[in-house]
Amino acid sequence: MTLEPLVSIESLRVEFPSKDEPVVAVKDVGFEIFPGEILGLVGESGSGKSVTSQALMQLTKFSAGQVTRGSLNFVRRDGSNTDLRHADEQQMRDIRGNEIGMIFQEPMVALNPSLTIGWQLSEGLRIHRGLSGKSARRRSLELLRKVRIPEPAQRLRQYPHELSGGMCQRVVIAMALACEPRLLIADEPTTALDVTVQAEILALIAMLRRETGAAILLITHDMAVVAQMADRVVVMYRGQIVEHGSVRQILHRPEHDYTRTLLAAVPRIGEMSGYSGPRRMRTAGNSGKRDKEAVSGRERLLDVRNLTKRFPVRGGLLGRTIANVHAVEDVSFVVNVNETLSLVGESGSGKSTAGNCILRLEEPDKGRIMFKEHDLLSLSRPVMRSMRREMQVVFQDPYGSLNPQLRLLDQVAEPIRNHKLETGTAVEDRVASIFKKVGMPRSFLRRYPSELSGGQRQRVAIARSLILNPSFIVADEAVSSLDVTIQAQVLNLMMDLQAELGLSYLFISHDMAVVERVSHRVAVMYQGRIVEIGSRSSIFEDPRHDYTKSLLAAVPRMNPDIRAEAMAVTSATVESPIRPAGYKPDPCRYDEVSPDHLVLQG
Amino acid sequence: MSSPAVIPGDEIAASLDTRTTARDYLWAIFGDRVTLFAFAYLVVLVAFTVGAEFLAPHEATGLNLRDRLLPPGATGSKGAFYLLGTDELGRDLFSRLIYGARVSVSVGMLGAVVSCFAGVITGLTAGYYGGLYEDVVMRLVDGMLSLPSMLVALFILFVLGGGYGNLILVFSVLHWMVFCRLSRGLALDARSATYVRAAKALGASGPRIVFRHILPNVMAPIIVLFTLEIAILILSEASLSFLGFGVRPPDPSWGLMIADGREHIRSAWWLVTFPGLAIFLTALSLNLVANWIRAVTDPVQRWRWLSRDVRR
Amino acid sequence: MAYYLRRAGNSLLLLLLTVSFVFIAGRMIGDPALNMLGPGASEVALEKLRRAAGLNDPIWLQYIRYVGNLLTGDFGVSYRFGYSVLPSEDLDEIGQPVIDIVIERLPATFLLAAVAMGVAVPLGVLMGVVAAAHPRSVADRIVTIIALAGVSVVQFWLGLMLIVFFAVQLGWLPTGGYGGFHHVILPALTLAARPIGRIAQITRSAMLDEMSKPYVVTARAKGVREWQIVFVHALKNAAVPIITMIGDELSALLTGAILVEKIFAWPGIGLLIIDSLTRSDLPLIQASIAVVATLVVVVNLMVDFSYRLVNPRIKLGTRA
């Protein structure tokens, strides 16, 4: 490229003070951003990608971070070249929001909850453009139209909590665009959003780039998003740049080992056609072949019939129920021995509530749950407590699911003690052997959870769920908050354990690509109902329900040559599953399109 | 210094959250001079409370009418030295302060202990179990919290009569709700925490979850509140005793001493000043210690307090 | 609307419980007639009073009559205030209606509370905001220390010290009593010390909380000035805990005034309460407690309603 770079960062170093010695978050980082391009800055958590972008806006200083070396040259609108590392606060205020706009990860909290959308949107215009009253309002309306928000005039008077997540992100984008910045920093702009909303927002960003000509620094952990969006890519690992180049070069011909590992670990949707069972993930030095395969049995382990759970919304003078959230509505499915059934759906689809009901962590309102020969809902509390030996759970949050005040040994041994199975040194031996199985060293037994990384914690959580030799495990978004390389390892561990121990999984997830990799059968949930259920191949290769199709279409592909830019940029209205009290929903009726492949009618 | 480890920025919080040893805490106390003074004062105070008989230079009730109303630092008729002066009966003020500490501090402590136990147990169970039990408990708590507590305390003491035991009773009845409300909120947060749901899924019983899993994780804010409540109760005791509804003479309490000294406020300033100062310093120290506990147990700001080279 | 009604209903129930408690506790002290006439009263006089005041009726009837009277604003007559001779046939001449005595005292207490809170709220909020805007700065430390001193000091002792210094030593201000503006300065300052400290503390911590939220980063990224972020963005979101604290302190002040009014001989409701307690004037105690409890309930309701004004997220009346 012969263009002058808009931003050129050289040998940047950012440090944070800490208990012992300063922590170097970014070390010797340098790259350029050219006008009008989308530069993807990729890395896993802790790679320093966000810190780099904050340094560009001098925002690190508010979290005690210091730029200790390097330069951050930025070509301003008037053509002058400023080193943002040394710019004073007044200069920075003039640049922030005016010449550089920023979009954040969690749109719901990025907006001030007690100020109206209109006020927040026009604030930048008042500061940088001196607009006021009518002209600011006119421009705000224009911006909301630009980000394709329906009924923009009404939105101006609303507060953030009255808008959905996707809508909030559109507002944040409109805010960042208010003063027509030359550079837009998008820090994980779609990570907190559902996949269908993500597709809309990505399409919107791509379109706005074409319309405004602004350069975009797109920070993300998701290689597929990069493949869909970026022109050039910078890969970061532990505070340093390991590789950079054009998007095709990075995706097709990665040179650095880390980039290769990263790319290998990403499951690609559609790559499983022709296989029947789950397949191990590719990790470094492993092509994804398995020695043992879990062949699902035909013997029923869990049989869920007409499961229904509603959460009352109370109100009125006496606090009566005025409406119900229909979280799970008439859900039926079967899990066979040594089989993985995935429940897949977006946030609010009721998939986690269904899992909780099966474990009786929540009491369902209606339905029947047969586990082996027991009717779970008719069991008394003490009997149910002993049933928990057979059915276990692994939660999403590896930081929250372990008690921070207990040693790992005590955490993992807790089920043994709860059920008074063993005592004394036998307990420790048993814990040690299960630790070995999940790949944790015995020396970790006396450690506390805070001394572990996220992946290690999730291994401990799995060890804890396995200690009683259960036959059934609910994995509730068990790998969703892990980095992709760690995710691959943990998924492999789960699949190996399944083959070795004959486990059955109810795998609850929002990630279609992961689901494709691990499942025997898949159930798609939408607004509390299963809209389609069948074998993995029938769901992924022959989807029949409209929602399943849109869900599959929304997943970003790992191929920069096939870009889904034609996606609709307007937002679909999501129907809320809140119904007035006394509402009687129709029962779920299914068409059997092929053996065991059911599609919801209507 | 060897080159610092490259620890990823986003994991800073996690990497700092390694376990803190007792040594770290000791170091942090000694590093913060104000907190150190507060701790030292409280240690000395407790020592005086426990060993008043050995540590007080004079007897608390030993009258000596010849040495009436001597100013601080005066030497009395028999060569006795009065560090903080004497009162209208010639009793040594410093010794009376020490014996008064025994009453004031122990009323505060015992009141806080009883209300803490009652409040934490009801609060944690209400928050965890929920349902009708929680509704009833919280109605009661909200109702009692919205009563004018000083007035109710006065009224109850008017009916029952003052005195040491009744004071503790009144304090417990009127302060357990504070602990209850806090613990209930903490338990409510913890109930939806993943580690609690995990414990439940693993087959742990209700009481086990409440007392083994939740309680240790919510101790810090409870200890902070406990410390603050001691200060509040010591202040209340002083007020009630001053009005004549608290501790009965001849038990010396700091509030009573101020009430007695008030008659001589124009001639013997020390009689009012020193007991008030003692209460003030005690409450201030307790507040400082509470602040410090809050800071070192707060995941967001603890590293500032526990770090050695970036100390303010 | 339903929410307000329910809240008001709860408050009324609470008031009823309070006066009932006071009634029952009052009966526990002993014979009301003896209490009223004093230990020297003759058995004839006592019996006469009992009959006239209905004290021989069953306790539940007395209770109903008591509550019924309260609803019409009749709290009975004082045992001690406004009478000098032994009671005649006509009981109305025993003393003044207590409710009149209580209401007569309210303006003085309101004045004191208004001046004290008028000083404490702006000062406390400002101190807290300044401290939170520059955490760990010199200003922050000074605010922290002043706030701690404010909550640690014994109010009546502070009052005495102020009297010694400003009234006795310097002679600038009166030692007590009710009159012009210079009378209100010392008691109001004494009363303001604690609220200043507590409001500053809660403001500081609520503001620190808010300043660490993502929307503050958004505002910074927009180029908003730091003081605007503090006063416009963060303060509005920190308002709920601050208002709660102001309400708590206002309630505490209405009762905390007891000591300060006593020290400064300020003829407010606090002084009345302490006098009625020391003289065992039961009807007067009952009326004072009922009035103060009503005031506290009103303050709490006002606090509740004001949440809605500052926080659009709070949807009153719905609870998931």
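Everything quoted here is computed from the prediction, not taken from an experiment. (Residues numbered from 1 in each chain as written. Chains lettered and ligands numbered in written order. Predicted model: local features only at pLDDT ≥ 70, side-chain atom pairs only at ≥ 80, totals over all residues. Heavy atoms only, no water.)

### Describing the overall build of chain B
Across its full length, chain B carries 13 helices and two strands. Counting every position in chain B, which comprises 312 residues, the buried fraction comes to 57%. In chain B, of all internal contacts separated by at least 6 residues, the share reaching a separation of at least 24 is 69%. As displayed, chain B offers around 13,300 Å² of accessible surface, 65% of which is attributable to carbon and sulfur atoms. (Helix = DSSP H or I, 4+ residues; strand = E, 2+ residues; numbered from the N terminus. Buried < 20%, exposed > 50% of the residue type's maximum accessible area, 1.4 Å probe, protein only. Contact = heavy atoms within 4.5 Å. Areas by Shrake-Rupley, 256 points an atom, 1.4 Å probe, with all protein chains shown as cover.)

### Focus: unusual backbone geometry
Unlike most non-glycine residues, Glu180 of chain A shows phi in positive territory, near 50 degrees. Following the sequence through the fold, Glu180 of chain A ends up in the loop between helix 7 (165-177) and strand 7 (183-187).

### A closer look at a nonpolar patch on the surface
Together, Leu160, Leu169 and Val173 of chain B together with Ile24 and Met28 of chain C give the surface a local cluster of nonpolar side chains, amounting to about 450 Å² of exposed area. Of all the secondary-structure elements, those providing two or more residues to the nonpolar patch are helix 8 (164-191) of chain B together with helix 1 (2-28) of chain C. Here Ile24 of chain C is to be found in helix 1. (Patch = residues over 30% accessible without salt bridge, like charges linked within 9 Å, V, L, I, M, F, W, Y side chains within 5 Å. Salt bridge = Lys/Arg side-chain N within 4 Å of Asp/Glu carboxyl O.)

### Let's talk about the nonpolar core
Residues and elements named next belong to chain A. If you look at the biggest cluster of nonpolar residues, it comprises 154 residues, and the most contacted ones within it are Leu183 and Phe435. Of all the elements, helix 8 (residues 195-212) adds the most residues to this core, at ten residues. Residues from two domains meet in this core; each of domain 1 (300-390 + 470-555 + 565-600) and domain 2 (405-469) gives at least three. Contact partners of Leu183, with chain neighbours within four places excluded, come to Leu6, Val7, Ile33, Leu56, Phe74, Glu99, Ile100, Gly101, Ala215, Ile216 and Leu217. (Core = buried A, V, L, I, M, F, W, Y, C linked by side-chain atoms within 4.5 Å. Domains from an automatic or database assignment.)

### Regarding the pattern of salt bridges
Two side chains carrying opposite charge are able to pair once their charged atoms lie near each other. Residues and elements named next belong to chain A. The final tally for this structure, using the stated rule, is 37 salt bridges over all chains. For Glu89, the salt bridge is made with Arg96, and the minimal N-O distance between the two is 3.3 Å. Judged by its relative accessible area of 27%, Glu89 falls in the partly exposed class. The network of salt bridges with common partners includes Glu428, Asp429, Arg442 and Arg446.

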